[in-house]
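# Summary of the model geometry
Okay, here's what each chain looks like letter by letter:
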Amino acid sequence: MGKKAKGSRKGKKAWRANISTQDIEDFFEKSTKDALSGGSLHALSSDSLFFEDKSKDLAVKKKIEKHREKVLHCDSLLQKNRFVMPVPSSTLKKCSKNRKVVSKMKESNQDDHKDDSMLASGMFDLWDDKDEDNKKVNKVSKPSLIPAVEVDPPGCSFNPSFESHQDTLASAVAVEMQKIYKNELGPEPVPLTVPGEAIAEEDRYFLDVDGGSDDDESQLENEGENEDAESEKRPIRMKRVTRVELNKRAKRKDQLRKEAESKKLEEFSKEIDSIPEIIQEIEKEDEEKKRRHLRRHVAKQEMLKARPPRFGKHKFEPAPVQVLLSEEITGSIRKLKGCCTLIKDRYKSLEKRGLIVPTAKTRRK
């Protein structure tokens with residue numbers, strides 16, 4: 001497309017006709033708008049343009065509260081009388097959550113008013129345990145005695161000294177031999193089934209029960225019953241006790257009673273005389289209990305340093321010591337065998353610190 005042809009500007013009339021007046025028209029239009037709206041905004045000060053609204057919008061607040069609390073007319077009539085309890089309605093189940101929130105807010109406001117009034121009057125309730133009940137008990141996790149990253153002994157290095165390597169190797173061998181001896185010398189498990197052998201015909205005669213044993217037992221029972229019946233039929237003859245025999249029995253009973261009382265007095269006097277010895281024995285027992293308690297505490301702390309407390313079904317089994325054999329020591333990191341034990345080491349560390357429940361070993365098929 002060609003360029004737009006410019007108008008001729010040779011005369012005054014042509015010059016005036018070609019001048020644009022759009023800026024002037026925009027200015028006048030803007031000025032009329034500003035005059036109608038109350039004046040130009042550039043001329044006004046910032047205090048007149050911006051202000052802080054401190055008034056409360058009560059209408060909106062009432063609408064919100066009305067929307068939150070939906071109470072039936074019958075319930076509102078019953079609420080006016082404090083001696084009449086409102087009957088719960090099925091339609092209030094929808095806004096039960098909102099009702100709980102509003103009731104909690106009301107209770108908190110009432111408590112605040114009570115606290116303010118008590119502070120003003122200087123009186124307070126000694127038996128008020130609401131604050132103690134509302135306090136949440138934060139469970140503090142006990143720090144583990146086992147460090148997150150354990151340093152291996154110097155004998156596990158890629159280029160260890162001869163003495164440290166032999167010591168670490170000996171400890172690893174001792175652990176493995178202890179496992180072997182435990183399996184070999186430990187008690188054998190109870191077998192589920194016991195293998196049986198065929199019984200010979202000669203031995204069967206000893207195991208079989210005699211056929212006449214039941215008859216013999218029945219005969220013995222019958223004889224016993226007959227004897228009891230005869231004894232019941234016989235008249236029982238009572239021997240007459242004389243006055244002399246009764247006096248002897250009474251004297252004997254008094255003598256036994258006096259002997260028992262004297263024996264009790266002797267034992268009581270012996271116990272009184274042995275009070276210092278009893279006190280020493282009690283002190284020794286208390287000292288022994290304290291020592292036993294201290295030994296248990298120290299043993300428990302040492303055990304927690306070595307392995308975690310038992311949480312689940314399986315016990316924690318520590319990983320074997322990663323020590324090189326004498327033939328595998330090359331003195332160079334480049335010649336070491338590649339082994340991905342970092343994940344296993346971290347997993348065992350989590351189990352040892354009690355962060356993960358130990359699981360049983362799973363063998364790959």
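The text that follows walks through the structure, step by step, so that each part is easy to find. (Residues numbered from 1 in each chain as written. Predicted model: local features only at pLDDT ≥ 70, side-chain atom pairs only at ≥ 80, totals over all residues. Heavy atoms only, no water.)

Each aromatic ring pair is described using two quantities: the centre-to-centre distance and the angle formed by the ring planes. Taken as a whole, this structure holds one aromatic pair when the rule is applied. With centroids separated by 5.9 Å and ring planes inclined at 65 degrees, the aromatic side chains of Phe27 and Phe28 adopt a geometry described as edge-to-face. Considered together, Phe27 and Phe28 belong to a single accessibility category, that of exposed residues. (Phe/Tyr/Trp six-rings, centres within 6.5 Å; stacked < 30°, edge-to-face > 60°. Buried < 20%, exposed > 50% of the residue type's maximum accessible area, 1.4 Å probe, protein only.)

For the pair helix 11 (residues 243–273) and helix 12 (residues 275–306), the least separation of the axes is 4 Å and the interaxial angle reads 60 degrees. Between helix 11 and helix 12, the angle is such that the two are oblique. On the side of helix 11, the interface is formed by Glu271, Ile272 and Asp273, while helix 12 contributes Ile275, Pro276 and Ile278. When grouped by side-chain class, the residues that make up the contact of helix 11 with helix 12 number four nonpolar, no polar and two charged. (Axes fitted to C-alpha atoms, helices over the stretch in contact; angles between N-to-C directions. Helix = DSSP H or I, 4+ residues; strand = E, 2+ residues; numbered from the N terminus. Parallel < 35°, antiparallel > 145°, perpendicular 65-115°, else oblique. Contact = heavy atoms within 4.5 Å. Nonpolar A, V, L, I, M, F, W, Y, C, P; charged D, E, K, R; others polar.)

Along the chain, Ser349 falls in helix 13 (residues 342–352). At a separation of 3.0 Å, a polar atom in the side chain of Ser349 contacts the main-chain carbonyl oxygen of Ala148. (Polar contact = N/O pair within 3.5 Å; in protein donor to acceptor, adjacent residues only side chain to side chain.)

Residues Lys182, Arg307, Arg310 and Lys315 make up a contiguous surface patch of positive charge. In this structure Arg307 comes out as partly exposed when scored by relative accessible area, which is 42%. (Patch = residues over 30% accessible without salt bridge, like charges linked within 9 Å, V, L, I, M, F, W, Y side chains within 5 Å. Areas by Shrake-Rupley, 256 points an atom, 1.4 Å probe, with all protein chains shown as cover. Salt bridge = Lys/Arg side-chain N within 4 Å of Asp/Glu carboxyl O. Lys, Arg positive; Asp, Glu negative; His and termini not counted. Charge placed at Lys NZ, Arg CZ, Asp CG, Glu CD.)

Bringing the pattern of salt bridges into the picture now. Under the definition given, this model contains seven salt bridges. As a salt-bridge pair, Lys352 and Glu150 come within 3.1 Å of each other at their nearest N and O atoms. With a gap of 202 residues between them, Lys352 in helix 13 and Glu150 in the loop between helix 7 (130–134) and helix 8 (162–185) connect regions that are remote in the sequence. When salt bridges that share partners are traced, they join Asp254, Arg257 and Glu261 into one network.

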